[in-house]
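Remarks on the overall topology
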Amino acid sequence: MNEPSILHLALADRLAKLRDNVLNPKFELEVRITGKGLGNVSRTPHSDGYEKGKVVSLVAHAEEGSRFVRWMNAATGSYPICNLRMDSAKLVFAEFEQV
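Throughout what follows, the structure given in this document is the object of discussion. Model, not experiment: these values are computed from the prediction.

**Quick look at the pattern of salt bridges**
Per the counting criterion, the structure on display carries 5 salt bridges. Ionic pairing is found between Arg-67 and Glu-97, a salt bridge with its closest N-O pair at 2.6 Å. Placement of Arg-67 in strand β6 (residues 66-73) and of Glu-97 in strand β8 (residues 90-98) is noted, with a sequence separation of 30 residues between them.

**Let's talk about the side chain of Lys-90**
With respect to the element layout, Lys-90 can be found in strand β8. On the basis of relative accessibility, which here comes to 16%, the residue Lys-90 falls in the buried class. Beyond its immediate chain neighbours, meaning those up to four positions away, Lys-90 contacts Glu-28, Leu-29, Glu-30, Ala-74, Leu-84 and Arg-85.

**A word on the environment of Val-59**
Along the polypeptide, Val-59 turns up in strand β5 (residues 55-62). The sequence separation of Val-59 and Cys-82 amounts to 23 residues, and the corresponding C-alpha distance is 6.5 Å. If near-sequence neighbours (up to four positions away) are discounted, Val-59 is found in contact with Asn-40, Val-41, Ser-42, Trp-71, Pro-80 and Ile-81.

**Focus: the environment of Thr-34**
Structurally, the position occupied by Thr-34 is in strand β2 (residues 29-34). Each C-alpha atom of the pair Thr-34 and Arg-70 lies 9.9 Å from the other, and the pair is 36 residues apart in sequence. In contact with Thr-34, other than residues within four places in its own chain, are Met-72, Phe-93, Ala-94, Glu-95 and Phe-96.

**Topic: the sheet that holds β2**
Read across the sheet, 3 strands follow the order β2-β8-β6 without closing on themselves; strand pairing throughout is mixed. In this open sheet, the two strands that pair with only one neighbour each are β2 and β6. Neighbour-to-neighbour, the strand axes of the sheet open up by a mean angle of 25°, direction not taken into account. As paired strands, β2 and β8 are joined by 6 bridges and run parallel to one another. For Arg-32, the partnering residue across the bridge sits in β8 and is Phe-93.

**Topic: the pairing of β8**
With 7 bridges joining them, β6 and β8 adopt antiparallel strand pairing. Bridge pairing in β8 links Ser-66 to Gln-98.

**Considerations on the environment of Ile-33**
Position of Ile-33 relative to the elements: it lies in strand β2. When the C-alpha positions of Ile-33 and Ala-60 are compared, they lie 9.6 Å apart, and in sequence the two are 27 residues distant.

**Brief notes about the packing of aromatic side chains**
Throughout the structure, instances matching the rule amount to 2 aromatic pairs. Ring plane angle 55° and centroid distance 4.9 Å describe the contact between Phe-68 and Trp-71, whose orientation is recorded as tilted. Of the two residues examined, Phe-68 and Trp-71, each falls in the buried class. Relative to Phe-96, the ring of Phe-68 has its centre 5.6 Å away and its plane inclined at 70°; by these criteria the two rings are edge-to-face. A residue pair is termed long-range when its members are at least 10 positions apart, and Phe-68 in strand β6 and Phe-96 in strand β8 qualify at 28 residues. Comparing Phe-68 with Phe-96, the two get one shared label, buried. Pairwise contacts between aromatic rings join Phe-68, Trp-71 and Phe-96 into one cluster.

Thresholds, definitions, all that
Residues numbered from 1 in each chain as written. Predicted model: local features only at pLDDT ≥ 70, side-chain atom pairs only at ≥ 80, totals over all residues. Heavy atoms only, no water. Salt bridge = Lys/Arg side-chain N within 4 Å of Asp/Glu carboxyl O. Helix = DSSP H or I, 4+ residues; strand = E, 2+ residues; numbered from the N terminus. Buried < 20%, exposed > 50% of the residue type's maximum accessible area, 1.4 Å probe, protein only. Contact = heavy atoms within 4.5 Å. Pairing = 2+ DSSP bridges. Axes fitted to C-alpha atoms, helices over the stretch in contact; angles between N-to-C directions. Phe/Tyr/Trp six-rings, centres within 6.5 Å; stacked < 30°, edge-to-face > 60°.

Spelled out as structure tokens, the structure:
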């Protein structure tokens, strides 16, 4: 009897994941903090990858002594809440300044 080897099973699993990624692509969202102030950004929902059309809400939270200035790159504006529709991989910068 020919049973599949571990290598064959691993290859079959990898091919299944690749096929799923081609049929249902997931897009990465990277958020970076910039400026001389301190803060962070929360996202809802939080995920390693988003399906096409998924809306992700970003909220900028300034730490004490800092304020949120603006979104840059894939997001724009100076309001601390931003909604992004995922249709490709995106890079967003959140700028904070000291007050």
